Amino acid sequence: MHGDQASSSSGGRKGRLDHNVLAYYRETLRNLDEMRSPSWGNPDDYEQLLSTAFDSLAREGRQLAQNQTGSRLAESLINLADWPRLARLLNNFATNWPAVVGDRFAHRVLQTAIRRYLTLRLEGRGEADAAGSTDDDGAVDGEPSPVESDPSRLWGTFAAHMRLHYPEYLEHPYACHTLRSYLLLIGGVLVSANPTAPSGSSFNKHDSYDPSSSVLVDPPLEFDGISLTEELDGLCSRFLENKHVLSLIDSEVTGPFLQVLMLVLKLRLPKRFRKFIKHLNKASGLLDATCEIEALGEKYSVPSLLCSSTGCYFLEQLVSLLSPKQLRKFASAHIAGKEAALALHPSANFVLQRLATADPPPGDWLAKLVASAVGDSPGAGWLSEAMRQSPGRQQQLLVVLARQCRAAQPLPQDEARRLQAQLMRKFDSIAASSCKSADSSSALFDTVAAVGAGADGGVGVAGGQLLEELLRFADTKLLCTSLMHSQPLRLALLCRCPRGNRVFEACLSSSTVPADIKLGLCDRLLDNLAELSCDKHGSRVLDAFWAVGDHRLRERVARQLAAGGRAALERLRLDRFGRFACQKFAPELLAARPGDWKRLQQRLDEAQKQKQKQQDQPKRPREDVTAAEAEDSQQPKSKKRHKMWPNKQKKPPAKSQ
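A brief report on the enclosed structure follows. (Residues numbered from 1 in each chain as written. Predicted model: local features only at pLDDT ≥ 70, side-chain atom pairs only at ≥ 80, totals over all residues. Heavy atoms only, no water.)

**Describing the overall build of the protein**
The helix and strand tally for the protein stands at 37 helices and six strands. The proportion of buried residues among the 657 residues of the protein is 50%. For the protein, the proportion of contacts with a sequence separation of at least 24, taken over those separated by at least 6, is 70%. Surface accessibility of the protein: about 31,300 Å² in total, with carbon and sulfur atoms responsible for 49%. (Helix = DSSP H or I, 4+ residues; strand = E, 2+ residues; numbered from the N terminus. Buried < 20%, exposed > 50% of the residue type's maximum accessible area, 1.4 Å probe, protein only. Contact = heavy atoms within 4.5 Å. Areas by Shrake-Rupley, 256 points an atom, 1.4 Å probe, with all protein chains shown as cover.)

**Details of the environment of L261**
Assignment of secondary structure puts L261 in helix α13 (residues 255-268). For the pair L261 and L232, spaced 29 residues apart in sequence, the C-alpha separation works out to 8.3 Å. In contact with L261, other than residues within four places in its own chain, are L183, L232, L235 and L240.

**What about unusual backbone geometry?**
Even without being a glycine, A586 presents a positive backbone phi close to 45°. When you line up the elements, A586 lands in the loop between α34 (578-585) and α35 (587-592). Classification of A586 by relative accessible area gives buried; the value is 11%.

**As for the packing of aromatic side chains**
Overall, the coordinates contain 11 aromatic pairs when judged by the stated rule. Both rings, one in W155 and one in F158, keep their centres 5.8 Å apart while their planes meet at 70°; by these two values the pair is edge-to-face. Here F158 and W155 lie together in helix α8 (residues 151-164), a separation of three residues that amounts to about one turn. Of the two residues, W155 and F158, neither departs from the other in class, the shared state being buried. On the numbers, 6.4 Å between centres and 50° between planes, the contact of F273 with F276 is tilted. Placement of the pair is F273 and F276 together in helix α14 (residues 270-284), with a separation of three residues, close to one helical turn. (Phe/Tyr/Trp six-rings, centres within 6.5 Å; stacked < 30°, edge-to-face > 60°.)

**Considerations on helix α7 (residues 106-122)**
Between its first and last C-alpha, α7 extends 25 Å over 17 residues, near the 24 Å set by a 1.5 Å rise per residue. Within α7, 14 of the 17 residues are buried, which leaves it mostly tucked inside the rest of the structure. Looking one or two residues past α7, G124 carries a phi angle of roughly 80°, positive in sign. (Expected span 1.5 Å × (residues − 1).)

**Here's the deal with the pattern of salt bridges**
This model, assessed by the stated rule, comprises 26 salt bridges. Across the pair R36 and D33 runs a salt bridge whose closest N-O atoms are separated by 2.7 Å. Per residue, the accessibility class of R36 equals that of D33, and both read buried. A single salt-bridge network, built from bridges that share partners, covers E47, D82 and R85. (Salt bridge = Lys/Arg side-chain N within 4 Å of Asp/Glu carboxyl O.)

**Points about the state of the cysteines**
Two cysteines, two sulfur atoms, one covalent bond between them: this is a disulfide. Enumeration according to the criterion identifies zero disulfides in this entry. Note on C582: no disulfide assigned, nearest cysteine sulfur contributed by C534 at a separation of 8.2 Å. Among the residues examined, C582 registers a relative accessible area of 15% and is labelled buried. (Disulfide = S-S within 2.5 Å.)

Following this line, the structure appears as structure tokens:
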């Protein structure tokens, strides 16, 4: 097949693959996607094609993983694999672990394989068909090489390789990520797919994971010749309980590695984690008065780590792992009285955000943070300064602060409303003082929207998120009044903005915004509704108008769309976005038969409620459904059929028009 062609056409250069090889895997994934649909006639075709794909990966998996495009295709196939198929790919990797661990693209494929294996173990399928150590099915084209299918032995070779190269891989730009995945593997910790990292990347240098979304996979895998407790104890003695631990924390090389090691310790060996906290407290005064130690010729302390571009990430992860009692001690020792200075620091506010989102927060920490943001005392009132700064992490702290005040979960309802009122009044006073024109009626909305917008104006990232949170406060009178005084043309321009349309969605979906405000917003946009319905972002605002469920609002939109005549409605029906407005609001039906239009809206409402009710009900997983089917059930199904599939007579039944 194409496997021989892949290696020969590469010309010996790593990462180069024949175009036909990449095309084969693309078509295979597309065909697998189609075969999972109920309309496919023979369900055995899926298993047969998936096995064929992994037969190819058993030969050329490493070459495919070292290719930029091929690595993404390999990751998609891994997410569909069971353990026997995954073992075949790992056997290919095991022939040359260094070429995979330290490769720019292959290390991501290996991390995906580790995560897939932990998922399979969590589902009780991580050791399927692994009773024997080897099987002869791995021999390809007469080659006698057996396939190791015992996970303890197969992963044991990987673990033995990683243990021998700790110092080397810690400083490697790609292998350092694999080293952190190795810690999760030996600890049996399945972390969230989206770590709370600043860049939002799963492979960011400073990943910070949320312990509440991390799962322990029990029992942990027992590697051949490796004890989990001894391995973690050795790493703790080598890194965490070292006398130079603060210098290791503040290092670009070891800092991210220690973050993951802490997480594994907290979840797998809590007693050892508490011992580390005691050691760190003695070394740095983490929970007590601040003290400094001498490390590698430089002085380190918790305040210096707070303001360090590397140490702040470690403290952010550490704060997420501390108990409520330890959090209160930490905040009292290092945060109290310094909120304004730390909030405006580009690194220290990472820790403040983590403290603000702690559940439960340490004491009255949230109230103190709000007071420091809106206060007029010396050293307080940092909110106005954060709004004036260039787009950055400091402004994201404002969004977190508003979100926590709105959630009101850790706070009594009266206290939450008091904090919300303080924030809203502060925003209003800042807007009034910064308004240069005589008419300041719309200043509040415009000022908050401009937060983080930069020189180009419009709605900033932080400004849009702030408006979404403020529009869900208990009292939105000030903000709604400012919104209604904005010019209709400006409102229409904001609806076309990628971030502005989300603000209007939040306004229309908020239960605290009065119904007359929503009707008034519709009236101010009436002349632009036809144009908005054909815009990529503006059409979302019309969807929000319909989702409100107010028939008066729907009727106004439908009448305005029908007012353009048949030619305008025809353009609307043919537009890729406008056709959805025609389907929902049915302007022609309203103009011709108003009674039928009302009955149609009632039926649509009932169907929407029934759909929402089904989504809210917890679904019982079927025993015969695979993890891949559950994971990919939310993905859109491709309609293009794999042309290389040999069984051309079995076609899916034609769909009714």
